[in-house]
Amino acid sequence: MTTRQRHIAHLHLHAELTETQYGDAIELMCGITPHVQAVQPNALQLDLTSALRYFDLSPYDMVQTAKMRLKAHYGIDSSAGLAGNRMLAAMAADASAPGDTTWVPTGQAADWLYPRPVTALPGIGRATAETLNKYGLHTIGQIADIPGATLQRLLGVGSARLLAERARGHDPRPVTPSEPAAHMVADLMLERDCLDPAQHHRAVLGLADRIGQRLRGESQTAGRLTLTVRYADHSSTTRTRALSEPTNHSPALAATALSLLTSLGLQRARVRAFAIRADRLVPAKNAYRQLSLDPGDIRARTAEAAADRARRRFGPEAVRPATLAD
């Protein structure tokens, strides 16, 4: 039995959209296919496989229809990528000029990928690219051609295997309709008004750790954090920042949350409560993570997983960060 060929479209929406407008765009695309996934903040992915027979259109014409609907209904201009999986479709969209559509047919994916720079692959950061370039590996084709054992010596087993799969254009992730307005909130009401910056730091660190535990417990990642500080006079201040990549790693969440706290400059503020909101949630299995060559990061994530197992067995207070210990 043959596997039905998938046709995935990735649409970049060239507009600053409110949450309501973004939701309207998603709903409009659901009139073409029920398989629509939000890619925050301004992109959509559509699995057109089942829609092609219904509309009796070619994959390319189906994408043009989606783009015309966005323009006609909401005045949204878009560029698009069309390919056999989510990763290739997103890369094709990145390669498209505004308003254009780049189609990478399944049989031509290897040829299309071959000359492109390694940084075009998702998850390739500067450190990984510099390591590869140091050994003369500048293009995706060179990564695909290099023996797996050699790549493992350069990057380690896990990173090498993942990079090799991406370099060959493989991405098994399905297009999964996202839940609208999903978020998580952790808050803390202090017993009394607090002027101590060290206590402010401790409170925000604890909230970020709670958010990280909840995200990992529900197999989710967050793409954005919002910090709200409430003062003794009942006023409040809010700051929001997008994360560099979707994550549920508590140190990464804490670093962003503490950066938001620092940006407020609370030198002598009388604070009564803190709240952290995590949104742009994505299932962890669908989130790309940048490849890391830092053994410290790997050890930290391993220790975090072990701490989560201990909390599940012995209770939420079984393991705590040292900075939060009484």
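Residues numbered from 1 in each chain as written. Predicted model: local features only at pLDDT ≥ 70, side-chain atom pairs only at ≥ 80, totals over all residues. Heavy atoms only, no water.

1. What about the overall build of the protein chain?
Argument step 1. Across its full length, the protein chain carries twelve helices and ten strands.
Argument step 2. Residue burial in the protein chain is summarised as follows: out of 326 residues, 45% are buried.
Argument step 3. A separation threshold of at least 6 residues defines the contact pool for the protein chain, and within that pool the share at least 24 residues apart is 68%.
Argument step 4. Just so you have it, the protein chain exposes about 17,300 Å², and 52% of that area is on carbon and sulfur atoms. (Helix = DSSP H or I, 4+ residues; strand = E, 2+ residues; numbered from the N terminus. Buried < 20%, exposed > 50% of the residue type's maximum accessible area, 1.4 Å probe, protein only. Contact = heavy atoms within 4.5 Å. Areas by Shrake-Rupley, 256 points an atom, 1.4 Å probe, with all protein chains shown as cover.)

2. What about helix α6 (residues 126-134)?
The periodicity of an α-helix, 3.6 residues per turn, causes residues three or four positions apart to be oriented the same way.
Argument step 1. By the burial criterion, the buried members of α6 are T128, A129, T131 and L132. Relative to the axis of α6, the buried residues are bounded by an arc of 160 degrees and lie together on one face. The exposed residues of α6 that point more than 90 degrees off its buried face are R126, E130 and K134.
Argument step 2. Where the residues of α6 are buried, they touch α7 (140-145), α8 (148-155) and α9 (157-167).
Argument step 3. At the C-terminal side of α6, G136 shows a positive phi close to 80 degrees. (Arc of directions from axis to C-beta.)

3. With respect to helix α3 (residues 59-74)
Argument step 1. Taking 1.5 Å of rise per residue, the 16 residues of α3 would be expected to cover 22 Å, and the 23 Å separating its terminal C-alpha atoms lies within 8% of that figure.
Argument step 2. The set of residues buried in α3 consists of P59, M62, V63, T65, A66, K67 and L70.
Argument step 3. Contact partners of the buried residues in α3: β1 (8-13), α1 (19-29), α2 (51-55), β4 (78-83) and β5 (101-103).
Argument step 4. Remark: G75 follows α3 within two positions and exhibits a positive phi of approximately 70 degrees. (Expected span 1.5 Å × (residues − 1).)

4. Observations regarding the environment of Y60
Argument step 1. Within the secondary structure layout, Y60 lies in helix α3.
Argument step 2. In this structure Y60 comes out as partly exposed when scored by relative accessible area, which is 31%.
Argument step 3. Sequence separation between Y60 and W103 is 43 residues, and the spatial gap between their C-alpha atoms is 7.2 Å.
Argument step 4. Apart from the residues within four sequence positions on either side, Y60 is in contact with L82, T101 and W103.

5. Structural notes on the packing of aromatic side chains
Argument step 1. Evaluated as defined, the whole model comprises two aromatic pairs.
Argument step 2. Taken together, a centroid distance of 5.1 Å and an interplanar angle of 80 degrees make the contact between Y54 and F55 edge-to-face.
Argument step 3. Relative to W103, the ring of Y60 has its centre 6.5 Å away and its plane inclined at 25 degrees; by these criteria the two rings are stacked. Separated by 43 residues along the polypeptide, Y60 in helix α3 and W103 in strand β5 bring together distant segments of the chain. (Phe/Tyr/Trp six-rings, centres within 6.5 Å; stacked < 30°, edge-to-face > 60°.)

6. Brief notes about the packing of α8 against α9
Argument step 1. Where α8 contacts α9, the two axes come as close as 7 Å, and the packing angle between them is 130 degrees. Relative to α9, the element α8 is oriented oblique. Note on packing geometry: the crossing formed by α8 with α9 is right-handed. Where α8 abuts α9, its residues L151, Q152 and L155 lie against V157, S159, A160, L163 and A164.
Argument step 2. Residues belonging to the contact of α8 with α9 are distributed by class as follows: six nonpolar, two polar and no charged. (Axes fitted to C-alpha atoms, helices over the stretch in contact; angles between N-to-C directions. Parallel < 35°, antiparallel > 145°, perpendicular 65-115°, else oblique. Left-handed = near helix turned anticlockwise from the far one by under 90°. Nonpolar A, V, L, I, M, F, W, Y, C, P; charged D, E, K, R; others polar.)

7. Digging into the sheet that holds β4
One key point about sheets: their strands pair by backbone hydrogen bonds, in either a parallel or an antiparallel sense.
Argument step 1. Pairing in this open sheet of five strands is mixed, and the strands run β2-β3-β1-β4-β5 from one edge to the other. If you trace the sheet from one side to the other, it starts and ends with β2 (36-39) and β5, each paired once. Averaged over all pairs of adjacent strands, the angle between strand axes in this sheet comes to 15 degrees, irrespective of strand direction.
Argument step 2. The pairing of β1 with strand β3 (residues 43-47) spans five bridges and is antiparallel. Across the sheet, L11 pairs through a bridge with L44, a residue of β3.
Argument step 3. Along the sheet, α3 contacts β1, β4 and β5; its crossing angle with β4, the most-contacted strand, is approximately 155 degrees.
Argument step 4. Each of β1, β2, β3, β4 and β5 touches helix α4 (residues 86-94); the most contacted strand, β4, lies at about 140 degrees to it. (Pairing = 2+ DSSP bridges.)

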